[in-house]
Structure formats: C-alpha cells, structure tokens
Protein chains: 2
Amino acid sequence: MTYFDHNATAPLLPQAEAAWLAASRDHFANPSSPHQAGARARAELDRCRERVAALLGAAPEEIVFTSGATEGANAVMRHFAAASGGAACLLSPVEHPCVRAAAEVFWKGRVRSFEADCAGRVKAEDVAEHLREARPALVAVMAANNETGVLQPWEEVAEACHAAGVAYLCDAVQWVGRLPLRVPAGCTFVVGSAHKFGGPKGVGFLRVPREAEGFVAMVGGEQEGGRRSGTENLPGVAAMAAALDYTVTLAKNGAETAARGKWRNNFIERLDPMGVKVATGGAPTLWNTVSLIMPHAPNHRWVNQLSRRGFMVSTGSACATGREGPSHVLSAMGLPPEEARRTLRVSSGWATGEDDWHALANAIAEVAADLRNQGRSPVIEIP
Amino acid sequence: MTYFDHNATAPLLPQAEAAWLAASRDHFANPSSPHQAGARARAELDRCRERVAALLGAAPEEIVFTSGATEGANAVMRHFAAASGGAACLLSPVEHPCVRAAAEVFWKGRVRSFEADCAGRVKAEDVAEHLREARPALVAVMAANNETGVLQPWEEVAEACHAAGVAYLCDAVQWVGRLPLRVPAGCTFVVGSAHKFGGPKGVGFLRVPREAEGFVAMVGGEQEGGRRSGTENLPGVAAMAAALDYTVTLAKNGAETAARGKWRNNFIERLDPMGVKVATGGAPTLWNTVSLIMPHAPNHRWVNQLSRRGFMVSTGSACATGREGPSHVLSAMGLPPEEARRTLRVSSGWATGEDDWHALANAIAEVAADLRNQGRSPVIEIP
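Everything numeric in this text was worked out from a predicted model, so none of it was measured.

Reading guide: rules and limits
- Residues numbered from 1 in each chain as written.
- Chains lettered and ligands numbered in written order.
- Predicted model: local features only at pLDDT ≥ 70, side-chain atom pairs only at ≥ 80, totals over all residues.
- Buried ≥ 20, exposed ≤ 12 C-beta atoms within 10 Å, placed from the backbone.
- Helix = DSSP H or I, 4+ residues; strand = E, 2+ residues; numbered from the N terminus.
- Pairing = 2+ DSSP bridges.
- Right-handed = clockwise from strand over helix to strand, strands pointing away.
- Arc of directions from axis to C-beta.
- Domains from an automatic or database assignment.
- Contact = placed C-beta atoms within 7 Å.

Our focus in this paragraph is the pairing of strand β6 (residues 167-171) of chain B. Residues and elements named next belong to chain B. Most of β6 sits inside the fold, with 5 of its 5 residues counted as buried. Burial of the side chains of β6 extends over both faces: Ala167, Leu169 and Asp171 are buried on one face and Tyr168 and Cys170 on the other. The pairing of strand β5 (residues 138-140) with β6 spans 3 bridges and is classified as parallel. Looking at β6, one finds that Leu138 is bridged to Ala167. Traced from β5 through helix α6 (residues 154-164) to β6, the parallel crossover comes out right-handed. Two strands pair when backbone bridges link them, and β6 and strand β7 (residues 189-193) are joined in this way by 3 bridges, in the parallel orientation. Bridge assignment links Cys170 to a residue of β7, and that residue is Val190.

Okay, helix α9 (residues 299-308) of chain A next. All names here are of chain A. Within α9, burial applies to Asn299, Trp302, Val303 and Leu306. Looking down the long axis of α9, one finds its buried residues gathered within 100 degrees of arc, a one-sided arrangement. Backbone geometry just downstream of α9 places Gly310 in the positive-phi region, at approximately 95 degrees.

What follows deals with the domain arrangement of chain A. Residues and elements named next belong to chain A. Examined at the domain level, chain A breaks down into domain 1 (2-8 + 254-370) and domain 2 (14-250). Taking only C-alpha atoms, the centre of domain 1 and the centre of domain 2 are 27 Å apart. Each partner contributes residues to the interface: domain 1 has 26 residues there, and domain 2 has 22 residues. Listing elements by their share of the side of domain 1 that touches domain 2, those giving two or more residues are α8 (254-271), β10 (289-293) and α10 (328-332). For the side of domain 1 that touches domain 2, the leading source of residues is β10, giving 3 residues.

Here it is, written out as structure tokens:
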C-alpha cells in the first residue's frame, strides 16, 4: 500500500509507539494519585508538557492536553459564545467542520464570514476590516487548509487580532509538524491533533492563554489546572510529544521541506499532459498536499481505481466523506460543482519518497487511460 | 511495587496492549476515508462496536465511543440541562466529581439531592419518591462508588426511572469489568472509562438510546453517527474491547469474584486488632475495594509510609486529590471530619493475589507499630 492520505491521518511513528509503550508500562499510575507511582507519572506528565510547550513556542502552563482538535475547537467556541455578550464570531469560509459546526451550534445566528480568493486563501486585511467595523468576540482562521493545503496568513491575522484585543482561534492541525510554528501572542487559542503528525489517535493539545479566566473544556476532577477534567492520557501525551519532537525538527529544516515540495511539484508537472489541473492554481500550499481536478470521471471512481492499485488518496476531508454536495472549501473557491465532483486530495508524509510520487503518477496515467477508453466505448447492457 | 489503587486506574492488560498495537499497525487509516484502507478501518471499528455492545448488553448503534467517562457525563448533563425546560436534575450525594461538577455547571440552581445511609448507600424508594413529587428531568445514581466500592441499587433506580419516563444517567465506571452488567432499558445513559478495567487511557464509551434525538457530545465531522465528532480512536477502541472482553468474562464467573472478595475480607479481619475500621461497615461493596479508617495518623502519612514500602494505596478519589476538606462521599456518610482525614482507599485488580493482600496487611502492621511508637514519643524540637 502506498499511502497518500496523511491529511486524514498519519501512520504512527515508531518513536511515538515506543513512547506510548514505555509510558503504559513504566508510568501507568494516575498522575493525580498520592503515592510514589502517581508522583512519578505526574513528573513524567510535567516533562511532556514542558517538551510540547517548548516545541510550540508556548509556556507549559498554557498547554492543555485534550482528546484532539475537535474537542479543543468545541470547547473554545462554547466558552466564547457564552462570554461574548451578543457579539459575533468571525470565521474564514474554509474552516474545518469542527470549527464551522461548533460556531453554528454555539453562536447560532451570530456567525459572520468573509470571502476567500479562488485558491481558498483569505486576506488578513479583510479580517482587519471586520475587526474595525463590527468588532467580533472571536476570530477563527486556520493555519493551513485540510482539503487543499493552502496556507493562510494566520500570523498576520494573529497580529491584527492582538492589536484589536480580539480573541483568535488558530486551527493548526495541518500545519503542526509540517512547517515551523512559534505560537505568537495574538494566537489566543491553538488546536492540534497528534494523529495528524504521527502521534496516536485520541490525543491533542489546546493552547490556552494564562489570562483566559474561567475557560474549562470539561469539568470534573479538575485535571490540567482545572481546565480539562478526566484522567490524564499520559501514554498518549508522551507519544504525541515524541511525534512532535521528530516532526518539528524536520519541519524546521528548510532543505527537507524544499526537497519534498519539489517531488510533489514534479509529480504535478507529470500530470499536466493528462489533463489534470491543480485546484489551488499557484497559491502557496503545504509541501505535502495537492488538490487535483481530475479528467474523465468523478473523484470516487478515481479513488476506487487508485485504491485497487494500492494507492490511497482521498476525495477531500475524511471528516466530510459521505456528505452530499461539494465541499464548502471548494465552493468558497468558486469551483463549479462539476469540477468539485472530480477533485482528489493527495497528501504525503515525511516518509513518502520521490519514488512513491513517481509510482502514483504512473498509476494515475494508467487509470486515466482506462477511464478515457471506458468513456469512449459504448455501455453494453447485459440482459 | 504492589499496586492497590485500581479504582484510580488499572495497568494496561497484555491483550489490550496487543490489540492497540495491532490496530495501530494494521488499521491506522481514518475510518472515514473513502479508500480501501479506510474501509478496512471502518469494518474493524464496526466489529469493535458490536463486541463492546454485546459485552454490555446494548445494541451496537447505542454505543458511542468517547475519550472517557468525564466527556460522557459532561455531554449528558449539558444536553439534558438545555432540553429540560426548567426541571431539576436529581443526584445521589455520592456521585463522582465529573457528574457532580457537570450538574452544578449546566443545571445551575436546579440540582437536587437526597440522603445516603452511613455506608453511602442510597435507597431506590427515595428516588421513586422524588420522581413522584417533583419530577426531575434527569436522575444520576452511580452503580458502584469510586471511593468506597459501595454498590448502589442502580437496577431498581433504572426501573423506577423507566416507569416514570425520566432519563437516568448511570456512571458504571467502577462496576464495568468487575461485576456482571446488562444495560437495562431504564439506564438511559451509561458511561464507562477503559483505563479503569485494563484498557488504555483516553478512551471510553457512552450508551445513548436510539430515541435520544439531538444528542451530540461534540460537533464537527459527524463521526459516531453524528453523536461524537472527531477522528475515531480505533486503536484505543480495539484495546478497550479486548480489555472489556477479558474482564467481563471474569466478572461473570461468580467463583472468581467470590475468591477475591474472600481475600479482601480476610485482609480486613487481620486489620481489626490493629484498630482499623471499615468506613462502610457491613454494606455490600465491589469485591476489590475497601475504605479503611486508620488509627494513629492522617491518611497521607499512611500513604507515604506504605508507598515507601512499595504498596500503592490512595487517600480517596484521585480525581479529588489535593482538594481541601474531607471528600463529599465520606461527608454524605456522616463520617466525622477527623475520621475522614484518616481514611484510606485500597482497591485491587484481577491480577492481585491472596499473597498481595497478606503482604499489604503485614506492611500495615509495621506502619501501625511505627506510627504508634512515634505517637508515644515526645516530639523533640531541634533548635
């Protein structure tokens, strides 16, 4: 199997697996237990928190461990909607379903949005204009899009929000572990999921500023400084820290990301003569992702044909599979529904090699030939 | 180390570890992805759901996988508070902090309670009376108490709630995997956490009835039939299913539970001459738990002394460690604060042997002698 669906989830890194097993065996005790085994688990949890914080450029007391980005986004949206005093929530039109749906549920009738360009990229000036005109209580603009990999000007948005004194939620799920990240002051809340960068499923982080008084994701045993109750998932956290360490080191290495971007771009060039278009045109994207408009057939047929040949690519966000109609991201880009139905997402990982990209291009050429021929032959009905 | 703090968390069972590793390696793909690897992960998730449902006596479509019982309790409390139309929530006085705190936050000013006996046991008739007099929108009575192991008449409570048509939340965290469990019709919601019965941390289940329309724990990608968004933690779920299978089989075996209850009772008998009392008297408890009122010194000194000798016991709920004042459970039992401060929780697991109980009794005898002698010697102030 050649796996090109890393934006849906990444395979577990060996160092994450080792960390999970070590913590499960050596530090299985409850970090809140008063005995020595509990104290050792607590110390290990503290070490993991310091490590994660350092890798994100945040302070340890700002890091809250969660079950993933969906939990973090739900908690932030719920908290701010209750504390907003009737003000609106401003979302980019390409946010992940967990941000969009949480905004719609908790800010019912108070969700505002603005336009993206034909690559799905928003402008920081548009956010700044909204901040001046109809001051929202919370802004959400993701760092990099999950369906297309398009990079958003999130650092400028953070700056504008910081200057205006408005809270900003940054969904950094696809950015973390792929490009360098230092959480700037304006990024009030940052959410991430370990399984997107080679950590285990069911664990993530949420950056909460010290000054976010009364912020609580879950109530109960008052773990995580009272901000997220529930027995701490130390093996998951330790594995996340290991995966973050490994991928952040790579992400900081410009030569590594440039090489991988080049393999992806060479792949795109090879597809051009087959009538394949890049949905985001020339807009800057994550080095690992490309959103392709395929010829001849709808995307699900491409997925099936490539899947049978051992190549795993996606129709779009796994979080929206099975939903009717084109994705809100492609709609925001102004892609006609007919093209949206032919859109494939291809997303690589750190372990994806140049040969994998070549092999995928070859498989696409084969499938293109098959589909083209099928399109030409008359359909024979078997009675 | 001899571990007697299973009510805080249990070590990971070897079969759970194996299931986690197998799922992480063989089924790492996102179950919502449209390719073959995604379909295989989806099939494995379905198999796990059927297995967990069968072990709990529920239907597969009633099982929602969560990050643990705290998430489940928070979601149920939030959902019903919003849908209650001003009616109250009725809680036993010995509920876990995740149920109590969620009730207090979401049902502000509308939380009612009732009395427990001196063992912390409630009466189903008291619940029935409340159902007749001031019909609540939701009732919460746990199956077995986390601090004392006392068994509640939860099946009768479920019956009374079912007859009255009132929703019932059963916190079965300490019961699951220790005693047989068949979810009766009246148990509207049941929450459990895998790590309490030898599964991994960060995963749990919530039983939601088919008719609970509009119930959503988290919004976003609409996983879990739209009732709990977020990428499914398949390795965690597979490991939970394996741990549940192993422990439920043991829990159904009356000879296994009886033998372990006897070891615990023999241990209690050995402590009697040392001036140790059982906080719950003769009330029926889980076979693994005993709440002890120790002589000579406050409980934290006992924990430390036993911990140094390699025995891990607890002062009470790990979810309340560090909080000031005596636990609400011991207060509800009418235990004087002075005795509450001397209370230890000892909780064994399936792998705890008769020899472990003997060794703990010996260690307690040693510590008792030390503490008694220290109590007799005058305190020498070093200037």
